[in-house]
Amino acid sequence: MVALLILFGVLGGAGTLMGVTLMRRGRRRTETAEGLLLEQEALRQARNDRVSFSTIAVHNNPLTASDAYTRRHGRR
């Protein structure tokens with residue numbers, strides 16, 4: 001019984017520590033122009049990936065008709 005209480009205590013402590021760490025970090029803004037450009041590029045790439053690799057794009061088109069193939073080979 002004591003071992004079970006210790007286990008739950010350790011798990012609860014780890015969860016609390018993770019929660020506090022995430023709350024302290026928050027959503028800080030990037031302060032430099034270079035950081036903003038990197039964030040914008042990452043968001044653009046994520047948006048393109050969501051479109052290119054969605055279920056409809058992957059399963060309902062032939063291989064050469066996907067957006068990723070078209071962008072990769074320079075055809076529009």
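Residues numbered from 1 in each chain as written. Predicted model: local features only at pLDDT ≥ 70, side-chain atom pairs only at ≥ 80, totals over all residues. Heavy atoms only, no water.

Description of the overall build of the chain
Link 1 in the chain: Looking only at helices and strands, the chain has four helices and zero strands in total.
Link 2 in the chain: In the chain, the order of α-helices and β-strands from amino to carboxyl end is α-α-α-α.
Link 3 in the chain: For the chain, the residues scored as buried account for 8% of the 76 residues in total.
Link 4 in the chain: By element, 62% of the accessible surface of the chain is carried by carbon and sulfur atoms, the whole surface being about 7100 Å². (Helix = DSSP H or I, 4+ residues; strand = E, 2+ residues; numbered from the N terminus. Buried < 20%, exposed > 50% of the residue type's maximum accessible area, 1.4 Å probe, protein only. Areas by Shrake-Rupley, 256 points an atom, 1.4 Å probe, with all protein chains shown as cover.)

Things to note about the pattern of salt bridges
Link 1 in the chain: In this structure the tally under the stated criterion is one salt bridge.
Link 2 in the chain: We note a salt bridge from R44 to E41, for which the minimum N-O separation is 2.6 Å. Of the two residues, R44 and E41 are both situated in helix α2 (residues 33–52); the distance of three residues between them amounts to about one turn of the helix.
Link 3 in the chain: Taking the relative accessible area as the measure of exposure, E41 reaches 41% and is therefore partly exposed. (Salt bridge = Lys/Arg side-chain N within 4 Å of Asp/Glu carboxyl O.)

Let's talk about α2
Link 1 in the chain: For α2, which comprises 20 residues, the first-to-last C-alpha distance of 28 Å matches the rise-based estimate of 28 Å (1.5 Å per residue) to within 8%.
Link 2 in the chain: Inspection of α2 places G35, N48 and S52 among the buried residues, and these make up the whole buried set. With its buried residues spanning 150 degrees around the axis, α2 presents them on a single face. Within α2, the exposed residues directed more than 90 degrees away from the buried face are A33, Q40, L43 and R50. (Expected span 1.5 Å × (residues − 1). Arc of directions from axis to C-beta.)

Notes on the confidence of the model for the chain
Link 1 in the chain: Per-residue confidence for the chain gives a mean pLDDT of 77; residues scoring 70 or more make up 63%.
Link 2 in the chain: Confidence scores differ between elements of the chain, with helix α4 (residues 67–72) showing the lowest mean pLDDT of 57 and helix α1 (residues 2–25) the highest of 91. (pLDDT = per-residue confidence, 0-100.)

What about α1?
An α-helical turn contains 3.6 residues, so a residue and the one three or four places further along point in the same direction.
Link 1 in the chain: Look at α1: 35 Å from first C-alpha to last across 24 residues, which is about the 34 Å you get at 1.5 Å a residue.
Link 2 in the chain: α1 sits mainly on the outside: zero of its 24 residues count as buried.

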